[in-house]
Amino acid sequence: MNQTDQQSLLQRAAEAIARRDPQGALELLDQADALGRTHNGLLNRALALRLIGDFRASLAVLDDALTMQPYDFIALLAKAAMLEKLGGEKVAADTYRNALKIAPPRNQCPPAIIAQIDHADGVVQRQAEALRDHMRSAVETLRATLDPATLDRFDEGLEIYAGVKAPPKQEPILLNYPRLPAIPFYDRSLFPWLGELEAATPVIQAELTALLEESFDDFAPYIAYPKGAPFNQWGELNHSRKWTSLWLWKDGEKQQSVCDRCPQTAALLESLPMARQDSFAPTAVFSALQPHTHIPAHTGSANVRLLTHLPLILPGPARFRVGNTTREWKMGEAWVFDDTIEHEAWNDADEMRVILIFDVWNPYLTEAEQSLITAMMKAQRAFMAAR
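Criteria and thresholds
Residues numbered from 1 in each chain as written. Predicted model: local features only at pLDDT ≥ 70, side-chain atom pairs only at ≥ 80, totals over all residues. Heavy atoms only, no water. Core = buried A, V, L, I, M, F, W, Y, C linked by side-chain atoms within 4.5 Å. Buried < 20%, exposed > 50% of the residue type's maximum accessible area, 1.4 Å probe, protein only. Helix = DSSP H or I, 4+ residues; strand = E, 2+ residues; numbered from the N terminus. Contact = heavy atoms within 4.5 Å. Salt bridge = Lys/Arg side-chain N within 4 Å of Asp/Glu carboxyl O. Pairing = 2+ DSSP bridges. Axes fitted to C-alpha atoms, helices over the stretch in contact; angles between N-to-C directions. Parallel < 35°, antiparallel > 145°, perpendicular 65-115°, else oblique. Left-handed = near helix turned anticlockwise from the far one by under 90°. Phe/Tyr/Trp six-rings, centres within 6.5 Å; stacked < 30°, edge-to-face > 60°.

Caption draft 1: Expanded view of the nonpolar core. Counting 39 residues, the largest nonpolar core has Ala25, Phe73, Leu77 and Tyr96 as the members making the most contacts within it. Among the elements of the structure, helix 1 (3–18), helix 2 (22–33), helix 3 (39–51), helix 4 (55–68), helix 5 (73–87), helix 6 (89–101) and helix 7 (111–138) are those that each provide at least two residues to this core. In terms of residue count, helix 5 provides more of this core than any other element does, eight residues in total. Contact partners of Leu77, with chain neighbours within four places excluded, come to Tyr96, Ala99, Gln116 and Ala120. Within the second largest apolar cluster, 35 residues are counted, among which are Phe191, Trp193, Ile204 and Leu212.

Caption draft 2: Broad picture of unusual backbone geometry. In this chain, Ala281 is followed by Pro282 through a cis amide linkage whose omega measures 10°. Looking at the element boundaries, Pro282 is found in the loop between helix 13 (263–271) and strand 4 (284–289). Its identity is not glycine, yet His292 carries a phi of approximately 50°, on the positive side. Within the secondary structure, His292 sits in the loop between strand 4 and strand 5 (293–298).

Caption draft 3: Looking closely at the pattern of salt bridges. Within the structure shown, the criterion is met by 22 salt bridges. Its salt-bridge partner being Lys165, residue Glu159 comes within 2.9 Å of it at the nearest N-O pair. Between Lys254 and Glu270 there is a salt bridge, with the nearest N and O atoms lying 3.2 Å from each other. Taken as a pair, Lys254 in strand 3 (residues 253–254) and Glu270 in helix 13 lie far apart in primary sequence, 16 residues in all. Overall, the relative accessible area of 36% leaves Glu270 in the partly exposed class.

Caption draft 4: Highlighting the environment of Trp243. Here Trp243 lies in strand 2 (residues 243–250). When the C-alpha atoms of Trp243 and Ala80 are compared, they prove to be 45 Å apart, with 163 residues separating the residues in sequence. The residues touching Trp243, leaving out its near neighbours within four places in the chain, are Ala220, Pro221, Tyr222, Ile223, Trp234, Leu237, Ser287, Ala288, Leu289 and Ile295.

Caption draft 5: Representation of the pairing of strand 2 in the model. With six of eight residues buried, strand 2 lies mostly within the body of the structure. One ladder, built from two bridges, connects strand 1 (residues 220–221) with strand 2; its direction is antiparallel. Within strand 2, the position partnered with Pro221 by the bridge is Thr244. One ladder, built from six bridges, connects strand 2 with strand 4; its direction is antiparallel. Paired with Trp247 across the bridge in strand 4 is Val285. Where strand 2 hands over to strand 3, the hairpin turn is made up of two residues, of which Asp251 adopts a positive phi near 50°.

Caption draft 6: View of the pairing of strand 8 (residues 325–328). Bridge count for strand 7 (residues 318–322) against strand 8 is four bridges, and the pairing is antiparallel. Within the sheet, the bridge partner assigned to Phe320 lies in strand 8 and is Arg327.

Caption draft 7: Broad picture of the packing of helix 2 against helix 3. One can describe the packing of helix 2 onto helix 3 by two numbers: an axis separation of 9 Å at closest approach and a directional angle of 150°. Classed by the angle they form, the pair helix 2 and helix 3 counts as roughly antiparallel. The two elements helix 2 and helix 3 meet at a crossing, and its hand is left-handed. Facing helix 2, whose interface residues are Pro22, Ala25, Leu26, Leu29, Asp30 and Asp33, helix 3 presents Gly41, Asn44, Arg45, Ala48, Leu49 and Leu51.

Caption draft 8: Spotlight on the packing of aromatic side chains. The tally for this structure, following the rule as stated, stands at 15 aromatic pairs. On the numbers, 4.1 Å between centres and 10° between planes, the contact of Tyr222 with Trp243 is stacked. Linking Tyr222 in the loop between strand 1 and strand 2 with Trp243 in strand 2, this pair joins segments that are 21 residues apart in sequence. Judged by relative accessible area, which is 5%, Trp243 ranks as buried.

Put into structure tokens, the structure is as follows:
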């Protein structure tokens, strides 16, 4: 017998499994194995053993298959299923988790495999939640001694440790500067001017109201990809007035005509420590989001700058998520966050929501670094523009 004969035996074994004849398949696989064990043959043998209910033997064969091809998704998924049969979800969870890490895209999987992936997701999630609940119960007395801010951080850490949530990470589009912390919302104490900004809310609101009444048409779609450019998650908002903006500063350039129409707002911003980078920053903008509109998850350009939000029009509930933390905007309360961590927003109200957004330097940078970073970024832009 030769390789062609072996392939024929393997094919016939697969057909026997398809018609639910595992014993016949095993006999054919014995003949094929006499010519040399193959990965495909091992997978079919494991399946045949599973069909006759010999889960331990099936698991042992799957281990042999994974020895041949350690990153075979189907073999790893099948191994997890056997572990679940033998020991339950808790025993199988880690193997399901490892299988999901190497799973192919869903659009490349047949329905039967998608169903198994969904099952694996469910097992992993349930076990992560069970571990979270167990650990939280074990530390409940100690949790009661923590202040709210520390408790919030600890609870997020516990959920990350349990596997319920992923750790927030910086994913800047342009510049990922090293050794800056991945903090979703920064502590207010780092920005002593926030109180001054919040106190000016009525003044800014008054100027914004005039802008909205006189020239709302000047608010342009925030997302405006040119024709032919891939817009990914922005399909619904691309060139849409569901999310519009009016810039006071854009890429470091003061928009004088707008600032002239809201002079007190412009003067306040001038007095604040906005990030100042020639041709890059500051950026300051009124951002208007229409009722029941969702800004999908995205990340910003550079972790050397942070964004400040000040709510100005809040007709109802409006949420904002950065990493694992979701907050509700509250009138008169500003925050500073790292927009290179994945974030998204919802206006759940029946009317338009408007906030003021502007960027500031990351407080963990020295002034000397700020100057060097700006020079570096300008040099990169000049290099790319040179022909």
